[in-house]
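What the coordinates show
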Amino acid sequence: DGEADYAEGYQEYLDGKAEAEEELRDARSQLRDARRTISELEDGEWYLLSRQANAGFVGYQQDAERMGNLSAVFPLLFFLVAALVCLTTMTRMVEEQRSQIGCLAALGYSKADIAKKYVGYGLLASLTGSLTGLAAGCTLIPAVIVTAWQILYNIPGLVFSPQPGIYLAAVLAAVACNTLAVLAAAMNALRSTPAALMRPRAPKAGKRVLLERVRPLWRRLSFTQKVTVRNLFRYKKRFWMTVVGIAGCTALIVTGFGLRDSILSIMAIQYDELYHYNAQAALVSHCAEDELEEVLDHLSREPLVSHFLPCCQTSAELEGAERTVEGYLMVVESQEELEPFVTLRTRQGHQPLSLSDEGVVLTEKAAEMLDVGVGDTITLVSGDDRAEAVITAVAENYIFHYAYLTDSCYRSLFGEAAADNTVLLGYRENTQAVSDQVSSGLIELDGVSSVSRIETTRESLTSSMESVDYAVVLIIVCAAALAFVVLFNLTNINITERLRELATLKVLGFNDRELGAYVYRENVVLTVFGVLLGLVLGKLLHQWLVLTVEIDMVMFGRSAKPLSYLFAVGLTVLFSLLVNLLANRKLRGIEMVESLKSVE
């Protein structure tokens, strides 16, 4: 038994030894193969990527640039309209104090002492308002914007960085505007004698207006309508102050809504009207011909893919005479192959464009930045290769910059054929499930490195654009509030200036409704004039502002939707109605005895 056990154990030892030797030989063979593979590897390449290669950083940077462009324009516009209100209010305050100024002058006070009272009031009021606005503008508004950005970006809380230069400039501008207006009004009043100042200013004499010469029309107007026309041209200063104030606010509202249209509408145009493919598959570097054939064969047998196009899409520098733009070269076989995937057309008139073997089709924003047009020449820089190409057409495009050209044109420019590195894909149904199924099948192929869905890119860009939407909404709200303030202030001044006139009308038998119509009719006419002027100014301001807030890689829409103009008109008219309702209480409170009081 012992010898049998020994023989069995010895045999197991021999079997184990043979198995170990076999494994050792396999390991040595694998090691030799690995060393051979390593020896055949080419030298590695190091890639040094800056922060600009990080999509999140670039997106945040572009949003910050857009916000910076907005902040460079809108505060000035708001200040100009607000300055108009302040100038009107301060001037009116001095006018209401004419009798007191006359009394002080008669009592022997010097002009400087009298002016100090009103200058001090204007200085104190403007300084208090400036500091209050500074506190809100430097804390509340940035907090709203950063809170909106935190929805899109993983960023820390707001860190307030003092800007003494900006703070001082803002406060000094507001204080100087109010104080100088009060000083000018006071000095103008002090030029008169004390006796003249203690009497109210004589009302302006009525004048015949041009409309009176149009006899057929003038005869058809009622008495109150004729009075309204004459009053409008009788108080020219109030007429223009009201029209300009309303026009400025309407223009700001149009610009706010129009800017929102320009920013958010480009996605629908770019990805619904210009692009007609749903995904793109990136091929591996130096894709072999058999690998490309395998990919194309797979796509031709894929029932979920309706059409596809192999092409060359490579990054390039587009050089003009004075500037260089980062963009892409899109090389396809012919115009007929490109049409189902990309629409080439002009932005104005939507005239179709065609690729030519004689040159390239350049996208519009790139042409604007390079200051070139049809027939001009630009330099295409792709890697170490450079070539000069003629621009045959300028195409509508909003996202990134492209130069479209045919294979034949590329070969004539660079001396070699373009290697296909991208396949554009069109799905029968543009759903996430279809995209996932097609992508999973493509990724398994050796020739495909990645598959990206266009809808994902669109959603990412839309989210980025929507961050500006919060700032635009804030601008619209502030512009609307400013419009209400302007209308209320000017209407209140109008009633105060004509208090004795309105009281006299009540003595003559005008009831409250007729008296309100007498005043409101003028407000309505002034609002109409202001709105019409504001729509024109808003269109011009919007077109200019769009060019100001654009970033290099994106072109915003150049026009506002008709609905934006309707919103601006509706808000201004609504505020005019609210102001009239508030003014109605003051009209009802006018005492008829005011017209009987002696001026002395």
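The following refers to the structure shown.

Considerations on the overall build of the protein
- Helix and strand content of the protein: 21 helices and nine strands.
- The C-alpha radius of gyration computed for the protein amounts to 37 Å, which surpasses the reference 25 Å derived for 600 residues by more than 25%, pointing to a less compact arrangement than a globule.
- For the protein, the spread of C-alpha atoms along the three principal axes comes to 145 × 70 × 45 Å.
- Within the protein, the proportion of its 600 residues that are buried is 41%.
- Of the contacts made within the protein by residues no fewer than 6 positions apart, 79% connect residues no fewer than 24 positions apart.
- Element-wise, carbon and sulfur atoms account for 58% of the exposed surface of the protein, whose accessible area totals about 33200 Å².

Considerations on the pattern of salt bridges
- Counting across every chain of the model gives nine salt bridges.
- Here E22 and R25 are joined by a salt bridge, their closest N and O atoms 2.4 Å apart. One end of the pair, E22, and the other, R25, are both in helix α1 (residues 2-40), three residues apart, so they sit about a helical turn from each other.
- What makes R25 partly exposed here is its relative accessible area of 44%.
- R301 is the partner of D297 in a salt bridge, and the nearest nitrogen-oxygen pair spans 3.1 Å.
- Residue D297 is classed as partly exposed on the basis of its relative accessible area, which comes to 39%.
- For R301, a relative accessible area of 56% puts it in the exposed group.
- Through salt bridges that share partners, E273, R345 and E396 make up one connected network.

Observations regarding the nonpolar core
- Among the nonpolar cores identified, the biggest contains 66 residues, and L344 and Y404 are the most heavily contacted of them.
- If you tally residues by element for this core, the top one is helix α18 (residues 454-497), at 12 residues.
- Sequence-distant contacts of L344, defined by excluding residues within four places in its chain, comprise Q335, L338, Q351, P352, L353, L355, V361, A395 and Y404.
- Counting 24 residues, the second largest nonpolar core, distinct from the first, contains V325, V360, I378 and L405.

Observations regarding the side chain of R558
- The topology assignment puts R558 in the loop between α20 (512-549) and α21 (562-588).
- A distance of 3.0 Å separates a polar atom in the side chain of R558 from a polar atom in the side chain of E368.
- Leaving out residues up to four positions away in the same chain, R558 has contacts with R347, E368, H542, Q543, V546, L547 and E550.

Concerning the packing of aromatic side chains
- Tallied over the entire structure, the rule returns nine aromatic pairs.
- Geometrically, the ring pair formed by F239 and W240 is edge-to-face, given 5.1 Å between the ring centres and 90° between the ring planes.
- An aromatic cluster of three or more residues is present, and its members are Y328, F400, Y402 and Y404.

Considering a nonpolar patch on the surface
- Taken together, the side chains of Y6, Y10, Y13 and L14 make up a nonpolar region of the molecular surface, amounting to roughly 460 Å² of accessible area.
- In this structure, L14 sits in helix α1.
- Residue class for L14 comes out partly exposed when judged on its relative accessible area of 31%.

Quick notes on the rules
- Residues numbered from 1 in each chain as written.
- Predicted model: local features only at pLDDT ≥ 70, side-chain atom pairs only at ≥ 80, totals over all residues.
- Heavy atoms only, no water.
- Helix = DSSP H or I, 4+ residues; strand = E, 2+ residues; numbered from the N terminus.
- Rg over C-alpha atoms; globule rule 2.2 N^0.38 Å.
- Buried < 20%, exposed > 50% of the residue type's maximum accessible area, 1.4 Å probe, protein only.
- Contact = heavy atoms within 4.5 Å.
- Areas by Shrake-Rupley, 256 points an atom, 1.4 Å probe, with all protein chains shown as cover.
- Salt bridge = Lys/Arg side-chain N within 4 Å of Asp/Glu carboxyl O.
- Core = buried A, V, L, I, M, F, W, Y, C linked by side-chain atoms within 4.5 Å.
- Polar contact = N/O pair within 3.5 Å; in protein donor to acceptor, adjacent residues only side chain to side chain.
- Phe/Tyr/Trp six-rings, centres within 6.5 Å; stacked < 30°, edge-to-face > 60°.
- Patch = residues over 30% accessible without salt bridge, like charges linked within 9 Å, V, L, I, M, F, W, Y side chains within 5 Å.

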